Structures are given as C-alpha cells and as structure tokens.
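Here is what each chain is made of, one letter per residue.
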Amino acid sequence: MDRPNYITPAGYTALRQEYEALFAVERPKLVDTIAWAAGNGDRSENGDYIYGRKRLREIDRRLGWLSKRMKAAKVIDPARQEDRSKVWFGATVTIADEDDNERVLTLVGDDEADAGQGRVGWNAPLVRALRGAGVGDLRRVVLPAGEREYEVIAITYPDA
C-alpha cells in the first residue's frame, strides 16, 4: 500500500465491529452448519454444505481484507485538527460550483466513504483538489462528467 489509510476513530470502530461480528458470531455458526451438513452424507448434492463452504470462503476473504485495512489504518481525530482555516482530513466543507449549486461534504477515510451521506473518501479527485483550500478559494477538478470549478464556502470541524 503506497498511501496511508487515514480513517476517523468512528470509521476504525466500524471496521473493528464488523471484523468481530464476522469472526466471533457469523463464522462459528457457519462452521457448525457445515459440520452438521457434512455429517448428513453425500456432499455433492448437499445444498447446506455447498453454500456453507462458499459463504465461509467469502467470510474468510472479508476477514483478511478487514485485517489488512485495520493494520494499515492511521486513525486521525478531526476534532484535534489545529489548522481549522483550511480543508484537511475530517473537515466538513460547503462548496459551490459555477451554477451556484451548493454541496456539503465531509472528508473521511476511503473505507468509510458514503457519497449518499455526503462522506467522500480522502483520495477522491474532488477531495484531492480541495486539500489545503481556505474559505473563498477556487479549485478546478477534472471529474468523469467533465471539468468543474468549485468555491469553498465554509469549513467546519467537529468539536473536541
């Protein structure tokens, strides 16, 4: 991994909770189901066994991915940001485009991004363009829909 995996404390907690739920709850239940199904005889036509093994591989893959992401995570608390006049990790930014359409974005780690909720990943093109900007700054960004220019209207950070 060539870039740090920045993540908020809440995002790291969510990854950790998903890992623990899969490892401590879902995986053991599935192993019991597979063992029961294997004891029923012919495995070639045993749907519980076949599906259980497939699902177990999916869970193990997800556990491996979560483990790697948590090891690479660099937890940054946006409430501790010292320079609150610029757009940095964890900022909530109000921007306006050339047509005066306003959007409110919160800059979060890539693993916790959710565009529908206005949470945009740290390495997204729009966020890379906004990094270090202050209120009133104009930033041009190349998006899949074309080139756009945005003005930073407001920057806020969570309170400590």
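In what follows, the structure referred to is the one given above.
Quick caveat: nothing in here was measured; it's all calculated off a predicted structure.

The rules behind each value
- Residues numbered from 1 in each chain as written.
- Predicted model: local features only at pLDDT ≥ 70, side-chain atom pairs only at ≥ 80, totals over all residues.
- Heavy atoms only, no water.
- Helix = DSSP H or I, 4+ residues; strand = E, 2+ residues; numbered from the N terminus.
- Rg over C-alpha atoms; globule rule 2.2 N^0.38 Å.
- Buried < 20%, exposed > 50% of the residue type's maximum accessible area, 1.4 Å probe, protein only.
- Contact = heavy atoms within 4.5 Å.
- Pairing = 2+ DSSP bridges.
- Axes fitted to C-alpha atoms, helices over the stretch in contact; angles between N-to-C directions.
- Salt bridge = Lys/Arg side-chain N within 4 Å of Asp/Glu carboxyl O.
- Expected span 1.5 Å × (residues − 1).
- Bend = angle between axes of the 7 residues up to and from the residue.

Draft legend 1. Focus on the overall build of the protein chain. Helices and strands together make up the secondary structure of the protein chain, namely three helices and seven strands. Secondary structure of the protein chain in N-to-C order comes out as β-α-α-β-β-β-β-α-β-β. Against the globule reference of 15 Å for 160 residues, the protein chain gives a C-alpha radius of gyration of 22 Å, more extended than a compact globule. Principal-axis analysis of the C-alpha atoms gives the protein chain an extent of 70 × 35 × 25 Å. Looking at the protein chain as a whole, 34% of its 160 residues are labelled buried. Restricting the contact set of the protein chain to residue pairs at least 6 apart, pairs at least 24 apart contribute 52%.

Draft legend 2. Main features of the sheet that holds strand E3 (residues 92–96). Judged by pairing direction, the sheet is mixed, and its five strands sit side by side in the order E5-E4-E3-E7-E6 without closing on themselves. Both edges of this open sheet fall to strand E5 (119–121) and strand E6 (138–143), since each of them pairs with a single strand only. Within the sheet, the average angular offset between the axes of one strand and its neighbour, ignoring direction, is 45°. Two strands pair when backbone bridges link them, and E3 and strand E7 (residues 146–156) are joined in this way by five bridges, in the antiparallel orientation. When the bridges of E7 are listed, Val93 appears paired with Ile155.

Draft legend 3. Structural view of the pattern of salt bridges. What the rule picks out here adds up to 14 salt bridges. Arg27 is the salt-bridge partner of Asp60, the closest N and O atoms lying 2.6 Å from each other. With Asp60 in helix H2 (residues 47–72) and Arg27 in helix H1 (residues 9–38), this pair connects stretches of sequence that are 33 residues apart. Residue Arg27 is classed as partly exposed on the basis of its relative accessible area, which comes to 26%. With its nearest N and O atoms 2.5 Å apart, the salt bridge here joins Asp97 to Arg148. On the criterion of sequence distance, the pair formed by Asp97 in the loop between E3 and strand E4 (102–108) and Arg148 in strand E7 is long-range, its members being 51 residues apart. A relative accessible area of 11% means that Asp97 is categorised as buried.

Draft legend 4. Representation of the pairing of E4 within the structure. Where E3 lies against E4, five bridges are found, and the strand directions are antiparallel. Following the sheet pairing, Thr94 is matched in E4 by Val104. Hairpin connection, E3 to E4: the antiparallel pair is bridged by five residues, and Asp100 has positive phi, about 60°. Pairing of E4 with E5, which is carried by three bridges, proceeds in the parallel orientation. Bridge pairing in E5 links Leu107 to Val120.

Draft legend 5. Molecular detail of H1. Its 30 residues give H1 an end-to-end C-alpha distance of 42 Å, which sits within 8% of 44 Å, the value for a rise of 1.5 Å per residue. Of all the bends in H1, the largest measures some 35° and sits at Leu22. Looking at H1, one finds that the buried residues are Gly11, Leu15, Leu22, Leu30, Ile34, Ala37 and Ala38. Where H1 is buried, its residues meet strand E1 (5–7) and H2.

Draft legend 6. Geometry of the environment of Pro78. If you trace the backbone, Pro78 turns up in the loop between strand E2 (73–75) and E3. Here Pro78 falls in the buried class, since its relative accessible area comes to 8%. For the pair Pro78 and Tyr157, spaced 79 residues apart in the sequence, the C-alpha separation amounts to 6.4 Å. Apart from residues no more than four positions distant in its own chain, Pro78 is found in contact with Thr8, Pro9, Arg84, Phe89, Gly90, Tyr157 and Pro158.

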